[in-house]
Amino acid sequence: MNDDQLLGEVGAWLRDGDFEPPDARASVRRAMARTLQVRQRSRWWPLPVLGRVAGPPRMDQTAEFEPDPISATNGHTAIVTGRTRIMLSPAKASFVGAIVFAIGGAWLMAQPLQQPSIVPGAATEAGEGSVLKPALVTGRRVFVSETSFTEERESADSLVQRGRITEVRAFMSDERLSGNVVITDNADRFFDGSPSPERYAGDVLWGTIEITNDSGTWTGTAVGTTDDTTASGAGVTYYELVGSGGYEGLSAVIFEREAGGWVWSGVIFPGDLPPDR
Amino acid sequence: MDRDLVAQATNGDQGALESLLVMSHPRLYRVAYGILRDRQLAEDATQRALLDIWRDIRRLREPSKFEGWSNRLLLRICYEEAKRQRAWVPDLASQAFASLRAPDQYGSVLDRDQLERAFRHLSVEHRTVLVLRCMLDMPMEQVAETLGVAPGTVGSRLSRAISALRAALEADSRAPLVAPVRQEVTP
């Protein structure tokens, strides 16, 4: 028997030895029952998923997991009014508040009364140093629109994605960094070598960013990665920005992470971006 | 596969996704059983694959690639299941059913049993390439794409699978008819 004959017989045996599979609907129902513990993954960084709806409650959040009332010994009827929660006692809350207040007060007292602008001649209409002062900033960005990647192909070891343009709007605690944001992003997503090429060992993401508002423009670069160990494939990204227009002489470093939306935090500071980084 | 149905599922239509899963189940199960040769393991692998499809469907970029993509998800799970499969307990029920359902082309049930035993001696990689090539009649290029390897690798793997199968058949023909059976041990 030559190889072709043997393969033919093996193929016939494999096909013939196949019996009726289990009921498909029942099997799918069983599989779907396990989705309570799994979140559906969205397409990846950097955009939030629009239209995501809350999933069903976890098994331990249903009523049957509530504690049973314990019979009272004094004849009263016990009523369970809700799930027990850990609460901070008033004494503890006061103690913690006092510590926070003390630390905050000490920090305020340690600040110089006047912080002269580091860049000479930085006076603006808003007042001496008001635009160029350093500041910690936090905020979020909200998706507006995106284009497709201009290039998307698979190489031997990675998925290559280039040239997607994403528009978002930034709402920051410091208005200097709020405005319309345009991000051009690229990615190399590396296959993990398993039989499923759609699974990735990791990826590197990079691109450019521009933030524009009425007072000026920030331009800079982005670099990040997707944390695929999380169910939603959350991304972490750093942006390095240089100001122009009304923000001439300022730089900013922003760290982006996913926390119920895309959260930005970072700092605006006078001068150039750090050298030799 | 209905491309529109896949497209709806990738866009978050849960009804379409469930229909898609029901349609895909028999195909996935056949492949899983072909590789794992055990009904329970095959059903487990199929359900895990369905769950992975449900979880990752929104990442599927091209609906026309759904079948290959879902095959790859299933194969990865089959590899994992096969690693956990320490020893073989013959699935006598399915063999008896198969022999009743179709006339034996090889002369006797014993021949089927020999082929079954020989096939189970193969590595999961060899079983997989035989299932894709012989059972699903996939062209070599498609097998290569499904396995994520070069076409040349498929050729050499198939060749080694055939050699291993021949060796296992010959060894089996020299062995006693009733082989000792070990109880399956799962971690």
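Residues numbered from 1 in each chain as written. Chains lettered and ligands numbered in written order. Predicted model: local features only at pLDDT ≥ 70, side-chain atom pairs only at ≥ 80, totals over all residues. Heavy atoms only, no water.

## Some points on the pattern of salt bridges
Residues and elements named next belong to chain A.
Inference 1: One pass over the structure, following the stated rule, counts 16 salt bridges over all chains.
Inference 2: Across the salt bridge formed by Asp185 and Arg164, the nearest N and O atoms sit 3.5 Å from each other. Of this pair, Asp185 sits in strand 4 (residues 179–191) while Arg164 sits in strand 3 (residues 158–172), and the two are 21 residues apart along the sequence.
Inference 3: Looking at Arg164, the relative accessible area reads 8%, which means it is buried. (Salt bridge = Lys/Arg side-chain N within 4 Å of Asp/Glu carboxyl O. Helix = DSSP H or I, 4+ residues; strand = E, 2+ residues; numbered from the N terminus. Buried < 20%, exposed > 50% of the residue type's maximum accessible area, 1.4 Å probe, protein only.)

## Structural notes on the pairing of strand 4 of chain A
Residues and elements named next belong to chain A.
Inference 1: Summarising the sheet, strand 3 and strand 4 pair through 11 bridges and their orientation is antiparallel. If you follow Glu167 over to strand 4, its bridge partner there is Val182.
Inference 2: Hairpin connection of strand 3 to strand 4: 6 residues between the antiparallel strands. (Pairing = 2+ DSSP bridges.)

## A few points about the nonpolar core
Nonpolar side chains in soluble globular proteins generally cluster together in the buried interior.
Inference 1: By size, the foremost hydrophobic cluster in this structure holds 63 residues, and its most contacted members are Ile35(B), Ile53(B), Ile57(B), Phe66(B), Leu74(B) and Leu130(B).
Inference 2: No other element matches helix 2 (residues 14–36) of chain B, which puts 12 residues into this core. (Core = buried A, V, L, I, M, F, W, Y, C linked by side-chain atoms within 4.5 Å.)

## What to know about the packing of aromatic side chains
Residues and elements named next belong to chain A.
Inference 1: One pass over the structure, following the stated rule, counts 6 aromatic pairs over all chains.
Inference 2: Taking 5.1 Å as the distance between ring centres and 20° as the angle between the ring planes, the aromatic pair formed by Trp218 and Tyr247 counts as stacked. With Trp218 in strand 6 (residues 216–227) and Tyr247 in the loop between strand 7 (234–245) and strand 8 (250–258), this pair connects stretches of sequence that are 29 residues apart. For the pair formed by Trp218 and Tyr247, the shared burial category is buried. (Phe/Tyr/Trp six-rings, centres within 6.5 Å; stacked < 30°, edge-to-face > 60°.)

## Here's the deal with the confidence of the model for chain A
Residue and element names in this part refer to chain A.
Inference 1: Within chain A, residue pLDDT values average 76, and 67% of them lie at 70 or more.
Inference 2: Here residues 44–62 is modelled with pLDDT under 50, and outside its nearest four sequence neighbours on either side it reaches 44 contacts, counting other chains as well.
Inference 3: For the stretch residues 118–128, pLDDT sits under 50, and the model shows 10 contacts to residues farther than four places along the chain or on other chains. (pLDDT = per-residue confidence, 0-100. Contact = heavy atoms within 4.5 Å.)

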